[in-house]
Amino acid sequence: MQHAIPYMQFRGGSSKGLYFLAEDLPLDPAERDQIILSALGRDTRQIDGLGGAHPLTSKVAVVSRSTRPDADVDFLFVQVVVGENRVDTTPNCGNILAGVGPFAIEAGLIPVQGETTTVRVYMLNSENLCELTLQTPNGKMTYEGTAKIDGAPGTSAAVICNYLDIAGSICGSLLPTGNTQDLIEGIPVTCIDNGMPVVVIKAQDLGKTGYETCAELSHDAAFRAKLEAIRLKAGPLMNLGEVTKKVVPKMTLIAPPQQGGHISTRTFIPHTCHDAIGVLGAVSVATACILPNSVAQGVAVIPEGNPKNLSVEHPSGEFSVELLQDANGTVIKAGLLRTARLLSRGEVYVIT
């Protein structure tokens, strides 16, 4: 039988997804995941659902009022693994997070506070907090503005994202292997988790320039096999266990910047080269750049000052990350600018 479930669809950053109230989905995680798969589509083309047949457009946010004193709403991110009829709730998604605040206002979970509204979001996947500052002039959410991000067309109202104390959010520590560098499959890597588990690798160590197109990298079977071999061994070392069916750790190739930024990147999620770079992936890579003795040393151009503003170049532009360090050099806050837009709202019909 078909069953109708209320939803909204947002573009969050350079991704797109469906947003649900937790109360409209089953409490049981297995049942919830089946509903989500039915809503977005189970096959590669997602022809029988609302997914976009691509990892960046096959994402879900499940949102509810928070019972925590330090948060307004709770957010569970769900990645639909396209074509595999399964989901992964291991990682966070900073792009989809950018739409959580607007969704909370549109759904009536929190009131508008003034010209701007701050929403404190508890990220269930990683058990961390993020403060979102939204533009709410005249007592309502606005999506019109002059902020522009690479990977999304046009301009929109700015969504300021301040991530608080996210080091080790998935793996338990910033450097989950205990080392700034490790040797995996004979290749030097830096395994890092500052909001997203990432394995950072110099492109030249895998026989690449780091400036190849996504298509060139995704279609190089021998290269992808080597990259996957490293990923599978990195997973247990990063406290992620067996990662064959997980989308983490993300794999990022780095090279010297070409467009006036601080580092050039090519990121895989986990097997397809990303047209851009994920929000938290960019935070982890930027953090690796400022770590002494990481594989980024001698590759990244490191700016002066504190906070440090780093421009992470990617195939469709750049992503700016602001990292604030304490007196010991530990990153204690990561600030980012994203945008979001409400695309549709209504009911999605799922087969139950």
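Because the structure is predicted, anything quoted here is derived from the model rather than measured. (Residues numbered from 1 in each chain as written. Predicted model: local features only at pLDDT ≥ 70, side-chain atom pairs only at ≥ 80, totals over all residues. Heavy atoms only, no water.)

A.B. asks: Sorry, what's going on with helix α5 (residues 221-237) here?
C.D. replies: Over its 17 residues, α5 runs 25 Å from end to end, which matches the ideal 24 Å to within 8%, given 1.5 Å per residue. For α5, the set of buried residues is F223, L227, E228, I230, R231, A234 and G235. Projected onto a plane normal to the axis of α5, the buried residues spread over an arc of 165° and lie on a single side. Set apart from the buried face of α5 by more than 90 degrees, the exposed residues are A221 and A222. (Helix = DSSP H or I, 4+ residues; strand = E, 2+ residues; numbered from the N terminus. Expected span 1.5 Å × (residues − 1). Buried < 20%, exposed > 50% of the residue type's maximum accessible area, 1.4 Å probe, protein only. Arc of directions from axis to C-beta.)

A.B. asks: When you look at the pairing of strand β11 (residues 197-202) in this model, what are you seeing that I'm missing?
C.D. replies: Look at any regular strand and the pattern is simple: side chains alternate between the two faces of the sheet. Summarising burial for β11: five of the six residues are buried, a large majority. Relative to β11, strand β10 (residues 187-193) is paired through four bridges, and the arrangement is antiparallel. Looking at β11, one finds that T190 is bridged to V200. In sequence, β10 turns back onto β11 through a hairpin of three residues, with G195 there showing a positive phi of about 110°. Note that β11 and strand β12 (residues 250-255) share five bridges and pair parallel. Bridged to K202 within β12 is I254. (Pairing = 2+ DSSP bridges.)

A.B. asks: How should I be thinking about the packing of aromatic side chains in this particular structure?
C.D. replies: Note on aromatic pairs: each is described by the distance of the centres and the angle between the planes. With the rule as written, the count across this model stands at five aromatic pairs. Judged by centre distance (6.4 Å) and plane angle (55°), the ring pair of F10 and Y143 falls under tilted. One end of the pair, F10, is in strand β1 (residues 2-12); the other, Y143, is in the loop between β7 (128-135) and β8 (158-164), and 133 residues separate them in sequence. By relative accessible area, Y143 is classed as buried at 16%. Each member of the aromatic cluster is reached from another via a ring pair, and the members are F10, Y19, F103 and Y143. One Lys or Arg, R68, reaches over the ring of Y122 and ends 3.9 Å from the middle of that ring. (Phe/Tyr/Trp six-rings, centres within 6.5 Å; stacked < 30°, edge-to-face > 60°. Lys NZ or Arg CZ within 6 Å of the ring centre and 35° of its normal.)

A.B. asks: Where do I start with the layout of surface pockets in this structure?
C.D. replies: Over the atoms rolls a probe the size of a water molecule, and in doing so it shows where empty space is left. Taken as a whole, the largest pocket spans an internal volume of roughly 440 Å³. Taken together, 37 residues make up the lining of the largest pocket; nearest its centre are P55, Q79, V247, I269 and P270. Elements that contribute at least two residues to the lining of the largest pocket include exactly β4 (73-81), α2 (94-97), β12 and α6 (279-290). Broken down by element, the lining of the largest pocket gets its largest block of residues, four residues, from β4. Tallied by class, the residues present in the lining of the largest pocket amount to 16 nonpolar, 14 polar and seven charged. (1 Å grid on protein atoms, 1.4 Å probe; cavity = no way out; pocket = protein on both sides within 12 Å on 5 of 7 lines; lining within 4 Å. Points joined across faces, edges and corners; volume = space filled by probe spheres on them. Nonpolar A, V, L, I, M, F, W, Y, C, P; charged D, E, K, R; others polar.)

A.B. asks: Help me understand the pattern of salt bridges in this model?
C.D. replies: Think of it this way: side chains of opposite charge can pair up when their charged atoms draw near. A full pass over the atoms with the stated rule returns nine salt bridges. Residue K226 pairs with E185 through a salt bridge whose shortest N-O separation is 3.7 Å. With K226 in helix α5 and E185 in the loop between β9 (182-184) and β10, this pair connects stretches of sequence that are 41 residues apart. Take K226: its relative accessible area is 29%, and that puts it in the partly exposed class. By relative accessible area, E185 is classed as partly exposed at 32%. Between K208 and D220 there is a salt bridge; the shortest N-O distance is 2.5 Å. Linking K208 in the loop between β11 and α4 (214-218) with D220 in the loop between α4 and α5, this pair joins segments that are twelve residues apart in sequence. Residue D220 is classed as partly exposed on the basis of its relative accessible area of 23%. (Salt bridge = Lys/Arg side-chain N within 4 Å of Asp/Glu carboxyl O.)

A.B. asks: Just to check I follow, could you spell out the domain arrangement of the protein chain for this structure?
C.D. replies: The figure often quoted for interface size is the accessible area lost as the parts come together. Each domain of the protein chain was delimited in the assignment, giving domain 1 (2-164 + 339-351) and domain 2 (182-315). With 16 residues of domain 1 at the interface, the matching set in domain 2 holds 15 residues. For the pair domain 1 and domain 2, the summed buried area comes to about 1200 Å², and 69% of that belongs to carbon and sulfur atoms. Our count for the domain 1 to domain 2 interface comes out at zero salt bridges. Linking domain 1 to domain 2 there are two residue pairs in polar contact (both at pLDDT 80 or more). Classifying every residue of the side of domain 1 that touches domain 2 gives six nonpolar, seven polar and three charged. (Domains from an automatic or database assignment. Contact = heavy atoms within 4.5 Å. Buried area = accessible area lost by both parts, 1.4 Å probe. Polar contact = N/O pair within 3.5 Å; in protein donor to acceptor, adjacent residues only side chain to side chain.)

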